[in-house]
Amino acid sequence: MRDFAAKQNSDSHPASENIKRETSAAEAEEAEKGMEQMSEVYREKGEKLYLPEGD
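Fair warning: this is a prediction, and the values are worked out from it, not measured in the lab.

### Comments concerning a nonpolar patch on the surface
No. 1: Taken together, the side chains of Tyr 42, Leu 49 and Tyr 50 define a hydrophobic patch exposed on the protein surface, amounting to about 430 Å² of accessible area.
No. 2: Within the secondary structure, Tyr 50 sits in the segment after α2 (25-44).
No. 3: Given a relative accessible area of 72%, Tyr 50 falls into the exposed group.

### Things to note about α2
No. 1: The end-to-end C-alpha separation of α2 is 29 Å, in line with the 28 Å expected for 20 residues at 1.5 Å each.
No. 2: The positive-phi residue at the C-terminal boundary of α2 is Gly 46, with phi of around 85°.

### Some words on the pattern of salt bridges
No. 1: According to the stated counting rule, one finds two salt bridges in the structure shown.
No. 2: A salt bridge links Glu 29 to Lys 33; its shortest N-O distance comes to 3.5 Å. Pair noted here: Glu 29 and Lys 33 are both in helix α2, with a separation of four residues, about one helical turn.
No. 3: The exposure class of Glu 29 is partly exposed, given its relative accessible area of 46%.
No. 4: Residue classification places Lys 33 among the partly exposed positions, given a relative accessible area of 48%.
No. 5: With a closest N to O distance of 3.2 Å, Arg 43 and Glu 40 form a salt bridge. Here Arg 43 pairs with Glu 40, and both are found in helix α2, just three residues apart, close to one helical turn.
No. 6: Judged by relative accessible area, Arg 43 falls into the partly exposed class, the value being 46%.

### Some words on unusual backbone geometry
No. 1: Even without being glycine, Glu 47 reaches a positive phi, approximately 55°.
No. 2: Along the chain, Glu 47 turns up in the segment after α2.
No. 3: Judged by its relative accessible area of 47%, Glu 47 is partly exposed.

What counts and what doesn't
Residues numbered from 1 in each chain as written. Predicted model: local features only at pLDDT ≥ 70, side-chain atom pairs only at ≥ 80, totals over all residues. Heavy atoms only, no water. Patch = residues over 30% accessible without salt bridge, like charges linked within 9 Å, V, L, I, M, F, W, Y side chains within 5 Å. Areas by Shrake-Rupley, 256 points an atom, 1.4 Å probe, with all protein chains shown as cover. Salt bridge = Lys/Arg side-chain N within 4 Å of Asp/Glu carboxyl O. Helix = DSSP H or I, 4+ residues; strand = E, 2+ residues; numbered from the N terminus. Buried < 20%, exposed > 50% of the residue type's maximum accessible area, 1.4 Å probe, protein only. Expected span 1.5 Å × (residues − 1).

In structure tokens form, the structure reads like this:
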């Protein structure tokens, strides 16, 4: 149990990955492009949050 608890706050725990550093400009730009692409898909699909299966 103590091992599990110790890992929860350690940098080696998968959940802590990238949590302590800032997003780089390149990562932010990539994320922005991805959001723009998904926004276009959203508009193309009629601005519906939930789509029927197969769309």
